[in-house]
Amino acid sequence: MSFTDILLEGLAPDGGLYVPQSYPQLSLDDFNALGEILVNEGYARLAAQILALFIDDIPLWDLEGITRRAYTKEKFGTDLIAPVTKIERNLWLAQLSQGPTAAFKDMAMQVLGQFFDYELARRGTTMTILGATSGDTGSAAEFALLDASRVQVFMLSPLGRMTPFQRGQMYGINSPRIVNITVPGSFDDCQDLVKEVNSDAEFKSTYSIGAVNSINWARLVSQVVYYVSSWFQVTQGRGEVSFSVPSGNFGNICAGHVARMMGLPIKELVCATNENNVLAEFFRTGVYRVRASTETFVTSSPSMDISKASNFERFFYDLAGRDAAEIRHLFGEQLGHKGVIDIRKKPYAKDPYKVYGFRTGVSTHADRVETIADFYRRPGYLMDPHTADGVMVGRELAGEEPMIAMETALPVKFGSITKEAIGKVPEIPTRFAHVLDAPQHTVLCENGAEQLKKIIEQRSVFPPE
Ligand SMILES: *Cc1c(COP(=O)(O)O)cnc(C)c1O
């Protein structure tokens with residue numbers, strides 16, 4: 001399928017995920033040339049160049065416009081868009097959270113919003129986005145789509161599980177095209193509802209339903225760009241690095257996997273989890289056991305409170321030698337019936353984490369508090385709890401090569417753990433001064449997929465097809 005069809009469709013009709021038929025292969029010289037583009041022409045130009053390798057139906061000229069509008073100094077507060085800062089000997093921080101909603105989700109979502117705007121106008125049509133968020137995706141999507149007049153957003157979030165700042169930011173938006181729906185339960189319950197509505201093919205096509213959650217390929221591929229830019233900023237194009245990535249839905253780190261498959265010199269990808277350690281357990285044991293939502297811990301890094309990583313299948317496809325039948329079997333039958341994928345006896349998985357260069361670690365609430373306090377004391381850097389998960393685990397596993405930890409949010413979103421760590425809540429940057437007092441707008445959905453469909457019918461601003 002062509003790129004823009006996949007962009008608008010999100011999930012494939014059979015419930016599977018889209019992956020490229022092959023990854024573009026780049027040499028070290030190619031990556032250095034991209035690094036020069038970053039230095040001389042900026043992040044937006046770099047993004048257009050990398051996206052062009054994957055996109056078959058948008059001309060480069062238009063792609064440059066799309067990335068130029070997505071990555072502005074106005075939105076990100078810095079010309080560099082995603083600067084990398086050294087915070088300790090051999091430990092670096094890729095600052096991915098400078099965007100409008102103070103989380104790394106903006107890096108992909110801003111581009112996605114521009115893609116939608118561009119493509120829907122080109123096709124003369126409209127679209128309904130149905131998504132689920134554990135906190136940061138929702139606001140990033142809504143802020144990215146607020147100006148996209150051809151898109152309406154229905155965003156599900158778990159009732160009472162987000163921080164006051166996250167709620168203020170999302171629910172504070174007042175537009176008929178942005179509908180926030182709260183669901184009693186966990187993020188996974190929200191995601192299951194989205195899947196259930198999507199499995200109704202007729203409803204899906206009547207309301208032109210698409211997705212912005214991290215399964216959307218366009219979003220994932222946009223994240224490849226900052227792996228390249230971070231690598232170049234740290235190495236000047238010479239030598240390997242490793243990345244430590246606070247993981248939930250396996251989107252961010254999967255983009256790192258794609259970058260490495262393209263040839264970027266990444267030694268190890270460190271998959272850091274919190275107490276919800278499904279991914280860490282897999283990389284240690286070869287057994288992927290998804291948890292029931294009742295087994296999901298509510299933690300102080302809530303955007304990682306995920307027990308079923310929706311992008312994992314993409315990595316698995318490569319792990320299993322790109323065997324689609326095997327993936328259908330594992331993620332369809334096996335996971336569906338038993339809730340477990342056990343690959344210990346599979347020929348392709350003798351030692352998945354060594355073969356694939358993945359390492360893993362788990363951090364706890366106490367680890368996060370300590371890490372936040374530690375870096376606040378010494379380099380004077382205040383990090384958010386998710387970033388702390390990655391920094392803590394990355395620091396532990398760092399080798400000789402530079403370790404780049406991904407900063408995935410700013411502390412302003414997570415006041416209470418910050419207070420616990422350093423004795424005071426983070427200062428609210430002036431651009432977020434009104435977030436906590438804006439009136440909030442939500443709709444409650446407590447009766448499953450049928451009620452959700454009703455809400456969509458009633459609130460839809462575009463005529464059904
Ligand atoms: C979404 C999110 C994560 C997890 O990223 P995935 O791509 O889902 O693995 C980590 N930290 C923060 C702050 C997030 O918003």
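Please read these numbers as outputs of a predicted model, since none were measured by experiment.

Chemist: Describe the overall build of the chain, naming the residues involved and giving the relevant values.
Modeler: From N to C terminus, the chain includes 20 helices and 13 strands. For the chain, whose C-alpha radius of gyration is 21 Å, the value lies close to the compact-globule estimate of 23 Å for 465 residues. Counting only C-alpha atoms and orienting by the principal axes, one finds that the chain spans roughly 55 × 50 × 50 Å. The 465 residues of the chain split such that 64% are buried. For the chain, contacts bridging at least 24 residues in sequence account for 75% of all contacts bridging at least 6. In the form shown here, the chain has an accessible surface area of approximately 17,900 Å², with 50% of it arising from carbon and sulfur atoms. The centroid of the 45 positive side-chain charges in the chain is displaced by 3 Å from the centroid of its 55 negative side-chain charges.

Chemist: Quick one: what's the story with the state of the cysteines, residue by residue and with numbers?
Modeler: Here the structure, examined in full by the defined rule, presents zero disulfides. Unpaired in this structure, Cys-190 has its nearest cysteine sulfur neighbour in Cys-445, at a distance of 9.0 Å. Free cysteine: Cys-254, not disulfide-bonded; nearest cysteine sulfur from Cys-271 at 11 Å. We classify Cys-254 as buried; its relative accessible area is 1%.

Chemist: Any chance you could break down the nonpolar core for me, citing the residues and the numbers?
Modeler: Side chains of nonpolar character tend, in soluble globular proteins, to be buried together. Membership of the largest hydrophobic core comes to 108 residues, with the highest contact counts inside it found for Phe-115, Phe-116, Tyr-227, Phe-250 and Tyr-288. With twelve residues, helix α11 (residues 217-235) is the largest single contributor of residues to this core. Excluding residues that lie within four positions of it along the chain, Phe-115 makes contacts with Phe-3, Leu-7, Leu-51, Ile-55, Ile-58, Leu-63, Ile-66, Ala-218 and Ser-222. In terms of nonpolar packing, the next biggest core, distinct from the first, is built from 24 residues, Ile-87, Leu-91, Val-270 and Phe-375 among them.

Chemist: Quick rundown of the side chain of Thr-299? Include the residues and the values.
Modeler: As for its placement among the helices and strands, Thr-299 is situated in the loop between β9 (287-289) and α14 (312-319). Within the local environment of Thr-299, its side chain forms a polar contact with the side chain of Asn-274, the two groups lying 2.9 Å apart. Polar contacts involving the side chain of Thr-299 include one to the side chain of Asp-305, which spans 2.7 Å.

Chemist: Account for the packing of helix α4 (residues 60-70) against helix α6 (residues 105-123), with residues named and values stated.
Modeler: The interhelical angle for the contact between α4 and α6, taken along N-to-C directions, is 135°, at an axis separation of 8 Å. One way to sum up the angle between α4 and α6 is to call them oblique. Like other packed secondary-structure pairs, α4 and α6 cross with a definite hand, here right-handed. Contacts from Asp-62, Leu-63, Ile-66, Arg-69 and Ala-70 of α4 reach α6 at Gln-110, Val-111, Gln-114, Phe-115 and Tyr-118. Per-class residue counts for the contact of α4 with α6 are six nonpolar, two polar and two charged.

Chemist: Provide a residue-level description of the site of the ligand, including the pertinent values.
Modeler: Near the ligand lie 15 residues; those nearest to it are Lys-105, Asp-136, Gly-248, Asn-249 and Asn-252. One of the backbone nitrogen or oxygen atoms of Asn-249 is found 2.7 Å away from an oxygen atom of the ligand. Coverage of the ligand by the protein chains reaches 97% of its 380 Å² of free accessible surface. Residue classes in the shell around the ligand are distributed as five nonpolar, eight polar and two charged.

Chemist: Account for the side chain of Thr-133, with residues named and values stated.
Modeler: Within the fold, Thr-133 resides in the loop between β3 (127-132) and α7 (136-145). Owing to a relative accessible area of 0%, Thr-133 belongs among the buried residues under this scheme. Separated by 3.3 Å, the side chain of Thr-133 and the backbone nitrogen of Thr-137 make a polar contact. In terms of polar contacts, Thr-133 uses its side chain to reach the backbone amide nitrogen of Gly-138, at 2.9 Å. Other than its neighbours up to four places away in sequence, Thr-133 contacts Gly-138, Met-155, Leu-156, Ser-157, Pro-158, Met-170 and Phe-187.

Rules of the game
Residues numbered from 1 in each chain as written. Predicted model: local features only at pLDDT ≥ 70, side-chain atom pairs only at ≥ 80, totals over all residues. Heavy atoms only, no water. Helix = DSSP H or I, 4+ residues; strand = E, 2+ residues; numbered from the N terminus. Rg over C-alpha atoms; globule rule 2.2 N^0.38 Å. Buried < 20%, exposed > 50% of the residue type's maximum accessible area, 1.4 Å probe, protein only. Contact = heavy atoms within 4.5 Å. Areas by Shrake-Rupley, 256 points an atom, 1.4 Å probe, with all protein chains shown as cover. Lys, Arg positive; Asp, Glu negative; His and termini not counted. Charge placed at Lys NZ, Arg CZ, Asp CG, Glu CD. Disulfide = S-S within 2.5 Å. Core = buried A, V, L, I, M, F, W, Y, C linked by side-chain atoms within 4.5 Å. Polar contact = N/O pair within 3.5 Å; in protein donor to acceptor, adjacent residues only side chain to side chain. Axes fitted to C-alpha atoms, helices over the stretch in contact; angles between N-to-C directions. Parallel < 35°, antiparallel > 145°, perpendicular 65-115°, else oblique. Left-handed = near helix turned anticlockwise from the far one by under 90°. Nonpolar A, V, L, I, M, F, W, Y, C, P; charged D, E, K, R; others polar. Near = heavy atom within 4 Å.

This is a description of form; function is not addressed.
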